[in-house]
Amino acid sequence: MDQSKKSVLGPRLFVIAALAVAAWAMVHKTGVANSDEAGILLQLPEHVGEWRGSDILFCSSRECNAQYFAAELADPAACPECGSPLGNMNWAERAMLPADTGLVRKYYARAGNRDGIHTTIVLSGDDRSSIHRPQVCMTAAGHEIAHERVIRIPLEGRAEPLEVTVLDMVKPFTRADGTRGAYASYYAYWFVGKDRETASHLARMAWMGYDRVFRGVSHRWAYIALSGGRDPVSEAHLQTIANFASQLHPALLKPE
């Protein structure tokens, strides 16, 4: 077999083997203990460098489904439109995610800059299905994924870079006058488990299977996501993601 075929088959065989282990582990749950341990803190800082965070609240009513900045509300417990309770999940998230799923989110903005970053952490509960492949949700919401890549972000005091998957997306829309347009955005994410970190959903599943089979434990995994608008003819958003993530990452680490 020539070297080029070996270089292609090697990673594929690893993924196939890893997924086989993960699938076996998901079926054979005997002797596997769910652990409350997580690899990061379920909280977001008030500031990330020059970025200032604002809490976002959603109306729990499916018909209303409004969202607000908490600081702008006189009563952050009730929707000013319909009076329904407000929370940090929108209606679809409440309906889809298991009840013990942990979730925090903020919108970060810089002074004089209109483009902010929506930041979310989702932490799985006893039902580890709280976290799934992000591409499924993006396409279901009407986004078209124009490009997908992994960027490597240097971190101060750490030899290995942080790997983050970035989806460049486009969402078509129709204006009131009937003309068509498209909103260009990005969605960046990575996963963190107990002593694990990866930008790959497949690698996360493989690590979950490994821990179940060889350690007899299922840890809580977290999913960190950054999203915002982008210039469709520029890759400047990649540097924005790198700058923000490199400053956010230390704030999420659990104390030793």
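Each chain carries its own residue numbering, running from 1 in the written order of its sequence. The model is predicted, so local features are restricted to residues of pLDDT at least 70 and side-chain atom pairs to those at 80 or more, both for listing and for counting; the totals for chains, interfaces and linings are taken over all residues. Only hydrogens and water are set aside; all other atoms, that is, all heavy atoms of the structure, feed into the side-chain values.

Participant: Which parts of the structure should I look at to understand the nonpolar core?
Facilitator: One broad rule of soluble globular proteins: the nonpolar side chains tend to lie buried together. Grouping buried Ala, Val, Leu, Ile, Met, Phe, Trp, Tyr and Cys residues that are joined through side-chain atoms within 4.5 Å yields what is termed a nonpolar core. Only protein chains enter the area calculation, which uses a 1.4 Å probe; residues under 20% of their type maximum are buried, those over 50% are exposed, and those in between are partly exposed. Membership of the largest hydrophobic core comes to 30 residues, with the highest contact counts inside it found for I121, V164, W190, I224, L226, F244 and L248. Only runs of H or I of at least four residues qualify as helices and only runs of E of at least two qualify as strands under DSSP, and these elements are numbered from the N terminus. Taken together, the elements giving at least two residues each to this core come down to β6 (102-109), β7 (117-123), β8 (144-153), β9 (162-174), β10 (180-193), β13 (222-229) and α5 (236-252). The greatest single-element share of this core, amounting to seven residues, is contributed by α5. Only heavy atoms enter the contact rule, under which two residues are in contact if any of them lie within 4.5 Å. Excluding residues within four positions of it along the chain, V164 makes contact with R149, V150, I151, I153, A188, Y189, W190 and A199. M89, V122, M169 and Y187 belong to the second largest nonpolar core, which has 15 residues in total.

Participant: Help me understand a nonpolar patch on the surface in this model?
Facilitator: On the surface, a cluster of nonpolar side chains totalling about 380 Å² of accessible area is made up of W207, Y210, V213 and F214. Judged by relative accessible area, which is 32%, V213 ranks as partly exposed. Exposure above 30% relative accessible area and no salt bridge define the residues that can form patches, which grow by joining like charges within 9 Å and nonpolar side chains of Val, Leu, Ile, Met, Phe, Trp and Tyr within 5 Å. The Shrake-Rupley method, run with a 1.4 Å probe, gives the accessible areas here. Residue values count only the displayed protein chains as cover. For this document, the term salt bridge refers to a Lys or Arg side-chain nitrogen within 4 Å of an Asp or Glu carboxyl oxygen.

Participant: Where do I start with the side chain of T198 in this structure?
Facilitator: Mapped onto the elements of the fold, T198 is located in strand β11 (residues 196-198). We define a polar contact as two N or O atoms separated by no more than 3.5 Å, with the added condition that, inside protein, one atom must be a possible hydrogen donor and the other a possible acceptor, whereas residues neighbouring each other in sequence contribute only through side-chain atom pairs. Within the structure, T198 has its side chain in polar contact with the backbone nitrogen of S200 (distance 3.0 Å). Setting aside residues up to four positions removed in sequence, T198 forms contacts with W190, F191, A203, R204 and W221.

Participant: Can you help me understand the pairing of β6 in this one?
Facilitator: In the case of a regular strand, side chains alternate between the two sheet surfaces. For β6, a buried count of seven out of eight residues is recorded, marking the element as mostly surrounded by other parts of the structure. Inspection of the sheet shows strand β3 (residues 51-59) paired to β6 by four bridges, in the antiparallel sense. Within β6, the position partnered with D55 by the bridge is K106. Pairing of β6 with β7 involves seven bridges; the strand directions are antiparallel. Counted as the bridge partner of R105 is T120 from β7. Each pair of strands is called paired provided DSSP finds at least two bridges between the two strands.

Participant: What exactly am I supposed to notice about the packing of aromatic side chains here?
Facilitator: Note on aromatic pairs: each is described by the distance of the centres and the angle between the planes. In this analysis, rings of Phe, Tyr and Trp, with Trp reduced to its six-membered ring, are considered paired at centre separations within 6.5 Å, and the interplanar angle assigns stacked below 30 degrees, edge-to-face beyond 60, and tilted for intermediate values. One pass over the structure, following the stated rule, counts nine aromatic pairs. Centre to centre, the rings of Y189 and F191 are 5.6 Å apart; their planes meet at 65°, and the pair counts as edge-to-face. Since its relative accessible area comes to 3%, Y189 is described here as buried. By relative accessible area, which is 0% here, F191 ends up buried.

Participant: Just checking my understanding: could you explain the confidence of the model for the protein for this structure?
Facilitator: Low-confidence regions, as indicated by low pLDDT, have predicted coordinates that should not be scrutinised in detail. Considering every residue of the protein, the mean pLDDT works out to 85; 84% of them sit at 70 or more. Long-range and interchain partners of residues 1-8, a stretch whose pLDDT sits below 50, account for two contacts in this model, where long-range means more than four residues apart. Think of pLDDT as the predictor's per-residue confidence, scored from 0 to 100.

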